[in-house]
Amino acid sequence: MISDPVGATDWRQLASNATISDGMFIGGERRAAIDGSTRPVKSARDGSRLIDLAWAQPADADAAVATARTAFDHGVWPRLHPRARGEILQHFADLIEEHRKEIALLISLEMGKPIRDAYQIELRALIRCLRFYGELADKESGEVTPTEEGELSLVTREPAGVVAAVVPWNFPLTLGGWKLAPALAAGCTVVLKTAEQSPLSMQRVAEVGAMAGLPPGVFNVISGDGQVVGRHLGEHPDVDVLTFTGSTEVGRHFMTYSADSNLKRVYLELGGKSPNIIFPDAPDLDAAADAAAWAIYFNSGEMCTAGSRLVVHAEVAEKVLERIVDTAAQWFPADPLLPDTKMGPLVDERSLQRVLGHLDRGLAEGAALRAGGQRVLSETGGAYLEPTVVTGAAPDNPIIREEIFGPVLAVQVVRDEAEAVRIAGDTPYGLAAALWTSDLGTAHRVSRALRAGTVWVNCYEEGDMAVPFGGVKLSGFGRDKSRHALEEYTYLKTTWIRYA
């Protein structure tokens, strides 16, 4: 038995021999675009062309929604015993495990995630998500409310209908799984639109879902431009629920699309500018500093919950900062197909230039570079950026205020708990936050004071499928994960029966 399947695999050799399908997945099969449209999909690691992929237009979105509508209105899936749906989701997870290497390779190629993270983290997240909702599918029940004799009232949760899921490129399977698994468990049918930058891995997942027994039309995956296909799904009268993870700007558009069409339910998980607070009494300052580095450099900082603001007490600021700068060297980017790579490239050239633009504006407004800030490995053709630390930024500096979505850590020094809470909360976002302290009272007071959907104490990015995930303020609303997510894909029906 191989103890380390990632380290024992020649991923570059696998990449050179990889077979990639070029169609969308609609109605249980791969299809070309109706008008023949294609788009070259490029690899984040070197900019090379991977495939010319079928590229959806509004007519293709209509076809996907129509097959999902038919599968919901007339098909077997919503009418199966929930236990049977759960068993198919469990089998789905087993087959993803069998195809784990090929799917991890697609993730690493399309968006630059280090192969070890793609295999161990992204695929693990999808597998656990499918198993969680597979197990939960038949555990939800309705209510019988008190009535007079001769009457019976039933409150049931009914599947909401056709779900459109629009997902981002940074975690194409994790975030996609958080939406498709509870929707399928609830008895809905799904049309998932991939991000333009990472359309390949989820297309393959959809094929595996059909192998697991998902009936045709139950799970469809299309790839196209957000402004065209994403908008069309948002305005589509046969879509009952739209769930989106991405930028706050696009989330606003989906609210408008719903208002202007059929008032479909919309659930949004949007941007973040998460504070990571380190107090002098942190249980282990070195561990806190290392976690702060991980929180911003993991996934190249392309993470909505990235700990992009280090809020550190003045008493320990320099010690923590020195440790982070030293640790940053371990995150120097490299080829994502090498098993030892910790940080790969940004997803594409456009993203790199956007991050560099944020840096330029922030530095011009008074911030200072403590480490990094330079493009590297440009000869590879990939968009690689050094792990970066910025200090001295004023509260209104764009590096402090705006979501950069790259490996850029902004350091803010505070002098007491009250200032830490005030600085941490001085953002329009409210997705996540963290604090490090040995004092239970401090932990309780500060975690309650922070307006965020998730607060970690003496850790970062911990959790499992049993806990909900989502934000407040401009980070959106609704919740992925946990049994609460099922509520987004069902509606309450009251049935009142007079039998005497």
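Criteria and thresholds
Residues numbered from 1 in each chain as written. Predicted model: local features only at pLDDT ≥ 70, side-chain atom pairs only at ≥ 80, totals over all residues. Heavy atoms only, no water. Core = buried A, V, L, I, M, F, W, Y, C linked by side-chain atoms within 4.5 Å. Buried < 20%, exposed > 50% of the residue type's maximum accessible area, 1.4 Å probe, protein only. Helix = DSSP H or I, 4+ residues; strand = E, 2+ residues; numbered from the N terminus. Contact = heavy atoms within 4.5 Å. Phe/Tyr/Trp six-rings, centres within 6.5 Å; stacked < 30°, edge-to-face > 60°. Lys NZ or Arg CZ within 6 Å of the ring centre and 35° of its normal. Salt bridge = Lys/Arg side-chain N within 4 Å of Asp/Glu carboxyl O.

## A short note on the nonpolar core
So, point 1. Counting residues in hydrophobic clusters, the biggest one holds 106 residues, and the most contacted among them are Phe92, Ile96, Tyr133 and Phe219.
So, point 2. For this core, the leading source of residues is helix α5 (residues 115–136), giving 11 residues.
So, point 3. Setting aside chain neighbours within four positions, we find isoleucine 96 in contact with Ile103, Leu123, Leu126, Ile127, Leu130, Val205 and Val208.
So, point 4. Listed in part, the 24 residues of the second largest apolar core include Ile26, Tyr257, Leu268 and Leu270.

## Regarding the packing of aromatic side chains
So, point 1. With the rule as written, the count across this model stands at 10 aromatic pairs.
So, point 2. Between tryptophan 456 and tyrosine 460, the aromatic rings sit 4.7 Å apart at their centres with planes inclined by 40°, giving tilted as the arrangement. Comparing tryptophan 456 with tyrosine 460 shows no difference in burial state: the two are buried.
So, point 3. Through a chain of ring-to-ring contacts, three or more aromatic side chains come together here, namely Phe171, Trp294 and Phe298.
So, point 4. Seen from the ring of tyrosine 119, arginine 100 lies directly overhead, with NZ or CZ sitting 4.6 Å from the centre.
So, point 5. The ring of tryptophan 331 carries lysine 342 above its face, with NZ or CZ at 4.2 Å from the centroid.

## A closer look at the pattern of salt bridges
So, point 1. Evaluated as defined, the whole model comprises 29 salt bridges.
So, point 2. Of the charged contacts in the structure, one is a salt bridge between glutamate 196 and lysine 193, with a shortest N-O distance of 4.0 Å.
So, point 3. The class for glutamate 196 is partly exposed, based on a relative accessible area of 32%.
So, point 4. Linked by salt bridges that have partners in common, Arg12, Arg45, Asp46 and Asp335 make up one network.

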